[in-house]
Amino acid sequence: MDLEILEIASNTENHKVLKKHTHQSRNKNPLCGDEMEISLMVKDNIVQDVGYQCKSCVYCQASVSLLSRWVMQVPIEKISDFVSKAELFFDENFDQLRKINIKDLKDFKKIMNSKNISRKECLLLPFKTLSKALKL
C-alpha cells in the first residue's frame, strides 16, 4: 500500500456529523461492504459545510477526505461536472479532466489512477454518495 494514501486518509477534518444539513446520502459498495454517509449544508447552490462518516477501507477514506475538502465553497454545478467525470481518472483520457479546472486535480490523481484500478469502486464510492446526496 502506498504511504501517500495513508497520509491523505489521515486528514479527517471533515469526518464529523453535521446536525444541520440540507442534503444527505448513505451508500454502500456491494463488492466489499464499504459504507459511507455524506451530509452537506448548501446555501445559494454553494457547499458551505460537509461532514462524512464511513466504515471503509483506507482507499475510500482517502478519497472522501480529498473530496470533502475540495467541495467546500464550490458551486453545485462545478461539483456535478467533476463528479460526472470521476471515472476518467482511471482512463487513458485523463486530459478531459484538465478542462474542468480543478485546483486539486493532482492530489486526486495521486490516488485515483490506473495503479489503483483494483480499488476503483472503493475510490469512487464517495463520488457516488455525493452525487446521490445532491441528486445529480
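Residues numbered from 1 in each chain as written. Predicted model: local features only at pLDDT ≥ 70, side-chain atom pairs only at ≥ 80, totals over all residues. Heavy atoms only, no water.

(A) Expanded view of the overall build of the chain. A count of helices and strands for the chain gives six helices and three strands. When its helices and strands are written in sequence order, the chain yields α-β-β-β-α-α-α-α-α. Buried residues in the chain amount to 46% of all 136 residues. A separation of at least 24 residues holds for 59% of the contacts in the chain among residues at least 6 apart in sequence. For the chain, the accessible area works out to roughly 7400 Å², and carbon and sulfur atoms hold 47% of it. (Helix = DSSP H or I, 4+ residues; strand = E, 2+ residues; numbered from the N terminus. Buried < 20%, exposed > 50% of the residue type's maximum accessible area, 1.4 Å probe, protein only. Contact = heavy atoms within 4.5 Å. Areas by Shrake-Rupley, 256 points an atom, 1.4 Å probe, with all protein chains shown as cover.)

(B) Inspection of the nonpolar core at higher detail. Membership of the largest hydrophobic core comes to 41 residues, with the highest contact counts inside it found for L40, I79, F108, M112, F127 and L130. The set of elements that each furnish at least two residues to this core consists of α1 (3-9), β2 (35-43), β3 (46-55), α2 (58-70), α3 (76-84), α5 (105-111) and α6 (120-134). (Core = buried A, V, L, I, M, F, W, Y, C linked by side-chain atoms within 4.5 Å.)

(C) Quick peek at the packing of aromatic side chains. Here the structure, examined in full by the defined rule, presents six aromatic pairs. Plain terms: the ring middles of F82 and F108 are 5.1 Å apart, the flat faces sit at 70° to each other, and that makes the pair edge-to-face. Here F82 is found in helix α3, whereas its partner F108 is found in helix α5, with 26 residues between them in sequence. As far as the burial class goes, F82 and F108 line up, both buried. Site record: aromatic cluster; members linked through ring pairs are W70, F82, F89, F108 and F127. (Phe/Tyr/Trp six-rings, centres within 6.5 Å; stacked < 30°, edge-to-face > 60°.)

(D) Seen up close, the sheet that holds β3. Spatial ordering of the open sheet is given by β1-β2-β3, a layout of three strands whose pairing is antiparallel. Each edge of the sheet is formed by a strand with only one pairing partner; in this case those strands are β1 (23-28) and β3. Averaged over all pairs of adjacent strands, the angle between strand axes in this sheet comes to 15°, irrespective of strand direction. Relative to β3, β2 runs antiparallel, the two being bridged by nine bridges. Residue pairing in the sheet places E37 in a bridge with Q53 of β3. The strands that α6 touches are β1 and β2; relative to β1, the one it contacts most, it runs at about 140°. (Pairing = 2+ DSSP bridges. Axes fitted to C-alpha atoms, helices over the stretch in contact; angles between N-to-C directions.)

(E) Inspection of the confidence of the model for the chain at higher detail. When pLDDT is averaged along the chain, the result is 90; 90% of the residues meet or exceed 70. Looking over the chain, one finds the lowest element-wise mean pLDDT in helix α4 (residues 95-98), namely 61, and the highest in β2, namely 98. (pLDDT = per-residue confidence, 0-100.)

(F) Quick look at the packing of α3 against α6. Contact geometry of α3 with α6 gives a least axis separation of 10 Å together with a crossing angle of 140°. In terms of their interaxial angle, α3 and α6 are classed as oblique. Regarding α3 and α6, the two cross each other, and that crossing is left-handed. Here I76, I79, F82 and V83 of α3 lie close against α6, whose contacting residues are F127, L130, S131 and L134. Of the residues assigned to the contact of α3 with α6, the class counts are seven nonpolar, one polar and no charged. (Parallel < 35°, antiparallel > 145°, perpendicular 65-115°, else oblique. Left-handed = near helix turned anticlockwise from the far one by under 90°. Nonpolar A, V, L, I, M, F, W, Y, C, P; charged D, E, K, R; others polar.)

(G) Main features of the pattern of salt bridges. The final tally for this structure, using the stated rule, is eight salt bridges. Among the salt bridges present, the one from D107 reaches K110, with a minimum N-O distance of 3.3 Å. In this pair, D107 and K110 are both assigned in helix α5, three residues apart and thus about one turn of the helix distant. Residue E121 is joined to K128 by a salt bridge in which the shortest nitrogen-to-oxygen separation is 2.6 Å. Residue classification places E121 among the partly exposed residues on the basis of a relative accessible area of 28%. Overall, the relative accessible area of 36% leaves K128 in the partly exposed class. Taken together, the shared-partner salt bridges connect E4, D107 and K110 into one network. (Salt bridge = Lys/Arg side-chain N within 4 Å of Asp/Glu carboxyl O.)

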